[in-house]
Amino acid sequence: MQQNDKEILIQRGESVLPNAKLIPQVISLLDEGHTVTLRLGGNSMRPFLEDGRDTGLLKKAERVKRGDVVLAEVSKKRYVLHRIIRIEGNSVTLRGDGNIGVEHCTLNDVKAVALGFYRKGSKHLDSTSGAKWRIYSFLWCSLFPIRRYLLAFYRRIWIPLFGAV
């Protein structure tokens, strides 16, 4: 999720940490071999991952490939959770599922890979290696030329009538 949309937050009682402070701590935990569950913020991975509702289970990125959802530093202390759409040498191109534009980083800037997501308060992990996620990813990525219109419909008509997917 893009920091521009809304910062990823962690809440402990009443305290809230902005991305610039939180994510380096998350990366430190990942480097120690832990997995981290992080509440998602922003709308850049819409329509299936929602701001403040869903959480992602992350592990340290070792080998990444096209299609992986990763936590990456795209500029100094600016982190995004986006899908890899291209890897050329050391250069990585990212795009949020709810975005039209792309962002760039290097392989070294990719800090974590998503193992899955807990959606809509569920205790069941939707694994990124599962059939459901792979089918969704294939279909959604294939629709790139018309996603702009689908997202506009989702944001302006679907959400007001039916709520988030």
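Residues numbered from 1 in each chain as written. Predicted model: local features only at pLDDT ≥ 70, side-chain atom pairs only at ≥ 80, totals over all residues. Heavy atoms only, no water.

A. Here's a closer look at the environment of Gly116. Along the chain, the position of Gly116 falls in strand E9 (residues 110-118). Take Gly116: its relative accessible area is 0%, and that puts it in the buried class. With 58 residues separating them along the chain, Gly116 and Leu58 place their C-alpha atoms 7.5 Å apart. The contacts of Gly116, once residues within four sequence positions are left out, are Thr55, Gly56, Leu57, Leu125, Asp126, Ser127 and Thr128. (Helix = DSSP H or I, 4+ residues; strand = E, 2+ residues; numbered from the N terminus. Buried < 20%, exposed > 50% of the residue type's maximum accessible area, 1.4 Å probe, protein only. Contact = heavy atoms within 4.5 Å.)

B. Spatial organisation of the packing of aromatic side chains. Taken as a whole and judged by the stated rule, the model has four aromatic pairs. Plain terms: the ring middles of Phe48 and Tyr136 are 4.3 Å apart, the flat faces sit at 75 degrees to each other, and that makes the pair edge-to-face. One end of the pair, Phe48, is in the loop between strand E3 (36-39) and strand E4 (55-60); the other, Tyr136, is in helix H2 (residues 131-142), with 88 residues separating them in the sequence. Between Trp158 and Phe162, the aromatic rings sit 4.6 Å apart at their centres with planes inclined by 45 degrees, giving tilted as the arrangement. In this pair, Trp158 and Phe162 are both assigned in helix H3 (residues 144-162), four residues apart and thus about one turn of the helix distant. (Phe/Tyr/Trp six-rings, centres within 6.5 Å; stacked < 30°, edge-to-face > 60°.)

C. The nonpolar core, seen in detail. One finds Ile23, Leu58, Val69, Leu71, Leu81 and Phe117 to be the most contacted residues of the largest nonpolar core, which totals 22 residues. Those elements that provide at least two residues to this core are helix H1 (19-31), E3, strand E5 (69-75), strand E6 (78-88), E9 and H2. With five residues, the single largest contributor to this core is H1. Residues in contact with Leu71, not counting those within four places in the same chain, are Ile23, Leu58, Tyr79, Val80, Leu81, Asp109, Val110, Lys111 and Ala112. Counting 12 residues, the second largest nonpolar core, distinct from the first, contains Ala72, Val92, Val110 and Val113. (Core = buried A, V, L, I, M, F, W, Y, C linked by side-chain atoms within 4.5 Å.)

D. Quick look at the layout of surface pockets. In this structure, the largest pocket encloses a volume near 670 Å³. Forming the boundary of the largest pocket are 30 residues, of which Lys65, Arg66, Gly67, Asp68 and Arg83 lie nearest the centre. Sorting the residues of the lining of the largest pocket by element identifies E4, E6, E9, H2 and H3 as the ones contributing at least two each. No other element matches H2, which puts six residues into the lining of the largest pocket. Residues that form the lining of the largest pocket fall into these classes: 12 nonpolar, six polar and 12 charged. Put simply, the second largest pocket is a space of about 150 Å³. If you go around the second largest pocket, the residues you meet are Pro47, Phe48, Trp140, Leu150, Leu151, Phe153, Tyr154, Trp158 and Val165. With five residues, H3 is the largest single contributor of residues to the lining of the second largest pocket. (1 Å grid on protein atoms, 1.4 Å probe; cavity = no way out; pocket = protein on both sides within 12 Å on 5 of 7 lines; lining within 4 Å. Points joined across faces, edges and corners; volume = space filled by probe spheres on them. Nonpolar A, V, L, I, M, F, W, Y, C, P; charged D, E, K, R; others polar.)

In short, shape yes, function no, at least from these values alone.
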